[in-house]
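# Descriptive structure summary
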Amino acid sequence: MMKKLLYVIAAVALFSCQTQSENTEMQTENPFYQEWQTPYGVPPFDQIKDEHYMQAFEDGMAQQLEEVNAIASNEEEPTFENTITAFEKSGDLLNKVSNVFFNLTSAHTNDSLQGISRVISPRLSAHSDNIFLNADFYARVKALFDQREELDLTIEQAKLLDNYNTRFVRAGAALSVEEQAKMRELNGQLSSLSVAFGENVLAETNKFEMVLEEGDLEGLPESVINAGAEAAKERGYKGKYVFTTHRPSLYPFITYSTNRELREKLKKGYINRGDNDDENDNKELARQLANVRLEKAQLLGYSTWADYVLTQRMLDTPDKVYNLLDKVWPAALEAAKKERDLMKEMAAKEGVDIDIMPWDWWYYAEKIKKEQYDLDENEIRPYLKVDNVINGTFILANKLFGMTFEEQTNIPKYHDDVRTYTVKNENGELIGIYLSDWFYRSSKRGGAWMNTYRSQSNMEGNKIIPIVTNVGNFTKPTGDTPSLLSQSEATTLFHEFGHALHGLLSECTYPSISGTSTPRDFVEFPSQVMENWVFEPEMLALYAFHYETGEVMPTELVEKIKNAGQFNQGFGTVEYMAASYLDMAYHTVTEPITIGAGEFEEAAMDEIGMIDAIVPRYRTGYFSHAFSNPEGYSAGYYSYLNSEVMDADAFGAFKENGLFDKETANAYREHILSKGGTRDAMEMYVNFRGREPKFEGLLERRGFN
Ligand SMILES: [Zn+2]
């Protein structure tokens, strides 16, 4: 997953009750007001305290609004520099505080930060409105846009101007005053609703626990039992075992436990998050979010929310999205049904007559994997020690792009688990800072992601290197027990690292268009493409060493992994695509949803012929991609599939020319990774590959052809 912070935010009347002198005193102690003296300008995490945020947000918004007013009321004729560049340079304080704050509310939050988030999110949304509903500012941007052909702009400047013009129009700058007031109101609602949604997901995920006795552990490998004991200890249960809905706890349990009732209990704990009819229930919030979004879209002249957001994507209409989904769905569903039937047979062979349910899938899939491919996840894990896999990503970046990563220990951190690296080019030039934070803790959101603390830019010769972070939730090594990743976790690590490379190798001029600032259905391409290397034999030989013996993964095991490559793809695709359809269903309604979200979800799943054995990867109650942000990945969860069309086709180039072929890597770096969002996405792809991506690569890879 990729997170991009709101780049711009800002202004609300200040209602400071402090005296001037108190305020000044506070500012001198508040690191957000200072030039950061830390190495490479990394945020001084050790000095930032929770009480520093609010004031910095308020002053930051006020400052940026002043800057915007100065741009808007400039008596000189609008030029690219005095309008667009001037705005790109605005909001320094606000960017500083926002970047730190929103990174930490995901990676290391607490009640105080959550409280600030609740207050500040609607105000930031109002601030954004104060900028993009500013009629004088819009008049200048529009004047420039109308004469863009005569302005002698670079390709990047032309794209940036186009982005801003669109952004104003989409924000409602062309609406009447009354309509704009309505727009502000709707934006405020979206912001509050989405914050509440995200908080409920976090609360629900942390709340559920399954406390077990010694006798309940049948089938579990020792490492899973140990993790259960560890979790129990953390939660103050003596001599017990605790399993939770956090994925590193959930998946091993439902894969190995022979106790069907307990598997069901835990899996239901996971899929019912936000759907327990209690104070953290998300169904009504989701319904309201969909309806407010519809109202906003219609205010802007679009018939649905999807029509509105898709104007910014590669697939720019709902029809194009459904066209892609419908091309893959029938084959995926058929494959999944075959997989399910095979599991039923497997169960019958063991004398169990059951219909396969979502809490059975992992359990029987593992058995089939063992029987058909002789492949046991526990056989692979010892070769996927987390440090080795991290090292693998660095080796790959070095082989493809000549990059080097060097850990630094003198840089402030927000948590001991964070590791900080300087990143250098082939010629030794420093190009970025990379922070990794891979281990689970309860102060972190679930999942894995990339984000930036500072975007790359190079305005007016002022070269700013990016500060990029990867965050995950892998099990932390304890005592003598190393953290050994599963196949899918290792894949996740490479995926997020791909986003990080996109941020680190950016060579753009303007910050709002650099790095990962690309259309949502393009941005997963540079991350997904990296997944292709993880289990390639040539790659495994470079990093997959046994954590005890140091031996490289044996050829026989590599071969087995390769053979099982298309195993369970029906399931994976159906699980993912069902969530994509659900997301589209919520966002293509043309009338407000009047039925409950539970019923709505059921109807959406019936329409695609979803089977009982599989639950969508995200049900409504915890569909954070769709609902925990005013816009986020709404009408956008399909993006991974669109990106996969490109990643499968792009990796084809490496397959043809060599896995570490320099020329292919250079072309990929030049046309994709270094360009951020400075070009039309398809144009960048064609520049790299010499043609548009072929769709077939995706079907072939998943074994659906
Ligand atoms: Zn991603």
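Residues numbered from 1 in each chain as written. Predicted model: local features only at pLDDT ≥ 70, side-chain atom pairs only at ≥ 80, totals over all residues. Heavy atoms only, no water.

### Regarding the overall build of the chain
What the chain contains, in helices and strands, is 29 helices and nine strands. Since a compact globule built from 705 residues should have a radius of gyration of about 27 Å, the 25 Å found for the chain is in line with a globular shape. Seen through its principal axes, the chain has C-alpha atoms that stretch 85 × 60 × 55 Å. Taken across its 705 residues, the chain has 58% of its residues classed as buried. Residue pairs at least 24 apart in sequence account for 76% of intrachain contacts in the chain once pairs closer than 6 positions are excluded. (Helix = DSSP H or I, 4+ residues; strand = E, 2+ residues; numbered from the N terminus. Rg over C-alpha atoms; globule rule 2.2 N^0.38 Å. Buried < 20%, exposed > 50% of the residue type's maximum accessible area, 1.4 Å probe, protein only. Contact = heavy atoms within 4.5 Å.)

### Focus on the packing of aromatic side chains
Within this structure, the stated rule accounts for 56 aromatic pairs. With a centroid separation of 5.3 Å and an interplanar angle of 70 degrees, the aromatic rings of Phe45 and Tyr414 are classed as edge-to-face. With Phe45 in the loop between α1 (20–29) and α2 (53–72) and Tyr414 in the loop between β3 (404–408) and β4 (419–424), this residue pair connects regions lying 369 residues apart in the sequence. As far as the burial class goes, Phe45 and Tyr414 line up, both buried. Ring geometry for Phe57 against Phe101: centres 5.2 Å apart, planes inclined by 85 degrees, an arrangement best described as edge-to-face. With Phe57 in helix α2 and Phe101 in helix α4 (residues 92–107), this pair connects stretches of sequence that are 44 residues apart. Taking the relative accessible area as the measure of exposure, Phe57 reaches 0% and is therefore buried. (Phe/Tyr/Trp six-rings, centres within 6.5 Å; stacked < 30°, edge-to-face > 60°.)

### A short note on unusual backbone geometry
Backbone geometry places Asp152, a non-glycine residue, at a positive phi of 60 degrees. Along the chain, Asp152 falls in the loop between α6 (135–146) and α7 (155–171). Given the relative accessible area of 73%, Asp152 is considered exposed. The backbone of Asp277 sits at a positive phi, close to 50 degrees, despite the residue not being glycine.

### Observations concerning the pattern of salt bridges
Evaluation of the coordinates by the stated rule reveals 49 salt bridges. Glu213 is paired through a salt bridge with Lys240; the nearest N and O atoms lie 2.7 Å apart. Of the two residues, Glu213 is situated in the loop between β1 (209–212) and α9 (222–234) and Lys240 in the loop between α9 and β2 (241–244); the sequence distance between them amounts to 27 residues. Accessibility expressed as a relative area gives 26% for Lys240, which makes it partly exposed. Here the salt bridges do not stand alone but share partners, grouping Asp275, Asp277, Asp281, Lys283, Glu601 and Arg619 into one network. (Salt bridge = Lys/Arg side-chain N within 4 Å of Asp/Glu carboxyl O.)

### Focus: the sheet that holds β3
Read from one edge of the open sheet, five strands run β3-β4-β5-β9-β6, paired in mixed fashion. What marks the edges here is a single partner per strand, and that holds for β3 and β6 (449–454). Sheet twist, expressed as the mean angle between neighbouring strand axes with direction ignored, is 30 degrees. Across five bridges, the pairing between β3 and β4 is antiparallel. Opposite Glu407, over in β4, you have Tyr421 as the bridge partner. Sitting on the sheet, α4 is in contact with β5 (430–439), β6 and β9 (467–474), with an inclination near 155 degrees to β6. Its contacts with the sheet put helix α18 (residues 487–504) on β3, β4, β5, β6 and β9, and the angle it makes with β9 is roughly 170 degrees. (Pairing = 2+ DSSP bridges. Axes fitted to C-alpha atoms, helices over the stretch in contact; angles between N-to-C directions.)

### Regarding the packing of helix α26 (residues 639–657) against helix α28 (residues 681–689)
Closest axis-to-axis distance for the α26/α28 pair is 11 Å, and the angle between their directions is 15 degrees. Our classification of the angle between α26 and α28 gives roughly parallel. The element α26 and its partner α28 pack so that their crossing is left-handed. Touching Met646, Asp649, Ala650, Gly652, Ala653 and Glu656 of α26 are Tyr685, Phe688 and Arg689, all from α28. For the contact of α26 with α28, the class distribution of residues is five nonpolar, one polar and three charged. (Parallel < 35°, antiparallel > 145°, perpendicular 65-115°, else oblique. Left-handed = near helix turned anticlockwise from the far one by under 90°. Nonpolar A, V, L, I, M, F, W, Y, C, P; charged D, E, K, R; others polar.)

### Quick notes on the nonpolar core
Nonpolar side chains tend to gather and get buried jointly when the protein is soluble and globular. Phe243, Met403, Phe405, Tyr434, Trp533 and Tyr543 are the most contacted members of the largest nonpolar core, which has 162 residues in total. The leading source of residues in this core is helix α14 (residues 318–349), at 12 residues. Filtering out sequence-adjacent residues up to four positions away, Phe405 remains in contact with Phe394, Ala397, Tyr421, Thr422, Val423, Tyr434, Phe497 and Leu504. Counting residues in each nonpolar core, the second largest holds 31 residues, with Trp36, Leu94, Ile433 and Tyr453 among its members. (Core = buried A, V, L, I, M, F, W, Y, C linked by side-chain atoms within 4.5 Å.)

### Considering the environment of Ser514
Topologically, Ser514 is positioned in the loop between α18 and α19 (520–523). For Ser514 and Glu156, which are 358 residues apart along the polypeptide, the C-alpha to C-alpha distance reads 9.9 Å. In contact with Ser514, not counting residues within four places along its chain, are Ser455, Gln456, Ser506, Cys508 and Gly676. Here Pro511 takes part through its backbone oxygen, which lies 3.3 Å from a polar atom of the side chain of Ser514. (Polar contact = N/O pair within 3.5 Å; in protein donor to acceptor, adjacent residues only side chain to side chain.)

### Looking at the environment of Thr404
Within the fold, Thr404 resides in strand β3. We classify Thr404 as partly exposed; its relative accessible area is 37%. Considering only alpha carbons, one finds Thr404 and Val177, 227 residues apart in sequence, at a separation of 54 Å. Excluding residues within four positions of it along the chain, Thr404 makes contact with Asn398, Thr422, Val423 and Lys424.

### Section: the confidence of the model for the chain
Confidence in the prediction of the chain, expressed as mean pLDDT, is 93, and 96% of residues score 70 or more. When the criterion is pLDDT under 50, residues 4–22 qualifies, and its contacts beyond four places in sequence or with other chains add up to 50 contacts. (pLDDT = per-residue confidence, 0-100.)

### A few points about the pairing of β6
With five of its six residues buried, β6 lies for the most part within the structure. Where β6 lies against β9, five bridges are found, and the strand directions are antiparallel. Bridge assignment links Asn451 to a residue of β9, and that residue is Thr469.

### Observations regarding helix α17 (residues 386–401)
End to end, α17 covers 22 Å across 16 residues, agreeing with the expected 22 Å (1.5 Å per residue, within 8%). Once α17 finishes, Gly402 follows within two positions and takes phi at roughly 70 degrees, a positive value. (Expected span 1.5 Å × (residues − 1).)

### A closer look at the packing of α4 against helix α5 (residues 111–132)
Running from amino to carboxyl end, α4 crosses α5 at an angle of 135 degrees, the nearest separation of the two axes being 12 Å. Here α4 is positioned oblique relative to α5, judged by the angle of their axes. Relative to α5, α4 is oriented so that their crossing is left-handed. Contact with α4, carried on its side by Leu94, Phe101, Phe102, Leu104 and Thr105, involves Leu113, Gln114, Ile116, Ser117, Ile120, Ser121, Leu124 and His127 of α5 and no other residues of that element. Split by residue class, the contact of α4 with α5 holds eight nonpolar, five polar and no charged.

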